[in-house]
Amino acid sequence: MKVGDLVVLSSYGKKIKTTTRVVGKDSMGIIICIDPNDGAGEYPYEVQWFNYDRPMSHLRQDLKYAK
């Protein structure tokens, strides 16, 4: 994944209650930043969700490409 890709929550991401409470199960977002340490950070993917006003950080397994 790279900056600018459209993403949705993966099936794993949909199981995380804190994530689905904030962004919803069927939300779409765009990756706005990736940790420059090659994903060494705890949550390297920064996503701006279209139905939420602030960016959220995620693991790669939380996300999948939008179709």
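In case you missed it, the structure is sitting above this.
Residues numbered from 1 in each chain as written. Predicted model: local features only at pLDDT ≥ 70, side-chain atom pairs only at ≥ 80, totals over all residues. Heavy atoms only, no water.

A.B. asks: How should I be thinking about the pairing of strand 2 (residues 28-34) in this particular structure?
C.D. replies: Remember that side chains alternate between the two faces of the sheet whenever the strand is regular. When strand 1 (residues 6-9) meets strand 2, the two strands line up antiparallel, connected through 3 bridges. In the strand pairing of strand 2, V8 is matched with M28. The sheet contact formed by strand 2 and strand 3 (residues 45-49) spans 5 bridges and is antiparallel. Each residue of the ladder has a partner; that of I34, found in strand 3, is Y45. (Pairing = 2+ DSSP bridges. Helix = DSSP H or I, 4+ residues; strand = E, 2+ residues; numbered from the N terminus.)

A.B. asks: Would you mind going over a positive patch on the surface with me for this structure?
C.D. replies: On the surface, K14, K25, K64 and K67 cluster together into a positively charged patch. Note that K14 resides in helix 1 (residues 11-15). We classify K14 as partly exposed; its relative accessible area is 31%. (Patch = residues over 30% accessible without salt bridge, like charges linked within 9 Å, V, L, I, M, F, W, Y side chains within 5 Å. Areas by Shrake-Rupley, 256 points an atom, 1.4 Å probe, with all protein chains shown as cover. Salt bridge = Lys/Arg side-chain N within 4 Å of Asp/Glu carboxyl O. Lys, Arg positive; Asp, Glu negative; His and termini not counted. Charge placed at Lys NZ, Arg CZ, Asp CG, Glu CD. Buried < 20%, exposed > 50% of the residue type's maximum accessible area, 1.4 Å probe, protein only.)

A.B. asks: How should the side chain of S27 be read in this particular structure?
C.D. replies: Following the sequence through the fold, S27 ends up in the loop between helix 2 (17-23) and strand 2. One polar contact links S27 to N51, side chain to side chain, over a distance of 2.9 Å. (Polar contact = N/O pair within 3.5 Å; in protein donor to acceptor, adjacent residues only side chain to side chain.)

A.B. asks: Explain the environment of V8 here, please?
C.D. replies: Locating V8 in the fold gives a position in strand 1. Under the relative-accessibility criterion, V8 is labelled buried at 17%. For the pair V8 and M28, spaced 20 residues apart in sequence, the C-alpha to C-alpha distance is 4.8 Å. Those residues in contact with V8, other than ones at most four positions away along the chain, are S27, M28, W49, D62, L63, K64, Y65 and A66. (Contact = heavy atoms within 4.5 Å.)

Keep in mind these values describe shape, not function.
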